[in-house]
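# Per-entry structural report
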Amino acid sequence: GANLWPPRRARKGGRLPGASAMGTAFCLVATTVLAWPTLLQAEPQVIFESSPSQVAPRHFPQGRCWTTLGSHADFEVFEEPWSGAGLEGTFRLEAIAAAEFQEGFEEWQLQRLLNGLELFHRSAQKGHEVGEYCYRWGQYHEIPPSDIKQALRWYQRGARMRHPGCTTALGKLNLAMGRSALAKKWLTRTAAPDGYGGAHGDPLAQWFLAEMHLKLGSHREAVRWWKRSAENGDVDAMIRLSEVFDTGAIGIPQVFGHT
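The structure contained in this document is the topic of the report that follows. Given the structure is predicted, the values throughout are model-derived calculations rather than measurements.

As for its position among the elements, Asp234 is in the loop between helix 10 (219-231) and helix 11 (235-247). Polar side-chain contacts of Asp234 include one of 3.1 Å to the backbone nitrogen of Asp236. Apart from the residues lying within four places of it in its own chain, the contact partners of Asp234 are Pro203, Trp207 and Ser229.

So this is what it looks like as structure tokens:
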């Protein structure tokens, strides 16, 4: 069948009237039709393509994973990154995201905040610890010169995903701005046991709730939340309880050596 098309005359430089365009189109269509079963039966394989604009994780020397569906002649068919890599590709993607998050955390601990945020961003783009990414941006905007509006914006995003740190930080900022109702709303979500803050509640949120009730003059409620925070290991709450029981307050008896 190799001599059927194009005709010998055309291959030697001759020309059949009107055959050039039609012949080219026919060759492309025929090649595609004949090659397609081969493409579908080709064994899927994973290859890697490095990207100069992407800092590859320490444990993975390549940057992006593409899935080759098959090859024929001089062309290859690709899917979008990770969309067809199957279960193995999903595990690799999760591993890369976790490695990027860990590197971001290390950069953050070394006070290289922007590098850390970039790595958190890459990890979050893969669906890993998105709430923590919002939390880090909120913390970044609290650093002087602070931008409280942006911090609130990022904390609100994380709080919608029930991220404990974002929820507590949102309550803290509202408390600092004098918005007691909003502060109580957000802080209670993480302070209450079996809520966003876990089985025993978030000790930091419990501390802030106690401080809020102290300012409002509700000393018994303040003591209640300080006790919960202290039971969760918060040292500041323990000190507060010691001061309150040593000096006494409205509704709180003075008890020497109580703590």
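A separate point is the pattern of salt bridges. This model, assessed by the stated rule, comprises 8 salt bridges. For Glu132, the salt bridge identified is with Arg136, shortest N-O distance 3.0 Å. With Glu132 and Arg136 both in helix 5 (residues 130-142), this residue pair falls 4 residues apart, about one helical turn. A salt bridge links Glu142 to Lys172, with the nearest nitrogen and oxygen atoms 3.1 Å apart. Remark: Lys172 occurs in helix 7 (residues 164-176) and Glu142 occurs in helix 5; sequence separation between them is 30 residues. Assessed through its relative accessible area of 25%, Lys172 is described here as partly exposed.

Next up on the list: the nonpolar core. Within the largest apolar cluster, 20 residues are counted, with the highest numbers of intra-cluster contacts made by Tyr133, Tyr155 and Leu170. Those elements that place two or more of their residues in this core are helix 3 (86-109), helix 4 (113-125), helix 5, helix 6 (148-160) and helix 7. Leave out the neighbours within four places in its chain, and Tyr133 touches Leu117, Phe120, His121, Ala124 and Trp154. Ala191, Ala210, Met212 and Trp225 belong to the second-largest nonpolar core, a separate cluster that totals 19 residues.

Here helix 8 (residues 180-191) crosses helix 9 (residues 203-215) at 145°, and the two axes come no closer than 8 Å. Of the two elements, helix 8 crosses helix 9, and the hand of that crossing is left-handed. Contact with helix 8, carried on its side by Ser180, Ala183, Lys184, Leu187, Thr188, Thr190 and Ala191, involves Ala205, Gln206, Phe208, Leu209 and Met212 of helix 9 and no other residues of that element. In the contact of helix 8 with helix 9, the residues fall into 7 nonpolar, 4 polar and 1 charged.

Our next topic: the environment of Gln139. Position of Gln139 relative to the elements: it lies in helix 5. It is 10.0 Å that separates the C-alpha atoms of Gln139 and Gln150, two residues lying 11 residues apart in sequence. If near-sequence neighbours (up to four positions away) are discounted, Gln139 is found in contact with Trp108 and Tyr155.

So, how was this worked out
- Residues numbered from 1 in each chain as written.
- Predicted model: local features only at pLDDT ≥ 70, side-chain atom pairs only at ≥ 80, totals over all residues.
- Heavy atoms only, no water.
- Helix = DSSP H or I, 4+ residues; strand = E, 2+ residues; numbered from the N terminus.
- Polar contact = N/O pair within 3.5 Å; in protein donor to acceptor, adjacent residues only side chain to side chain.
- Contact = heavy atoms within 4.5 Å.
- Salt bridge = Lys/Arg side-chain N within 4 Å of Asp/Glu carboxyl O.
- Buried < 20%, exposed > 50% of the residue type's maximum accessible area, 1.4 Å probe, protein only.
- Core = buried A, V, L, I, M, F, W, Y, C linked by side-chain atoms within 4.5 Å.
- Axes fitted to C-alpha atoms, helices over the stretch in contact; angles between N-to-C directions.
- Left-handed = near helix turned anticlockwise from the far one by under 90°.
- Nonpolar A, V, L, I, M, F, W, Y, C, P; charged D, E, K, R; others polar.

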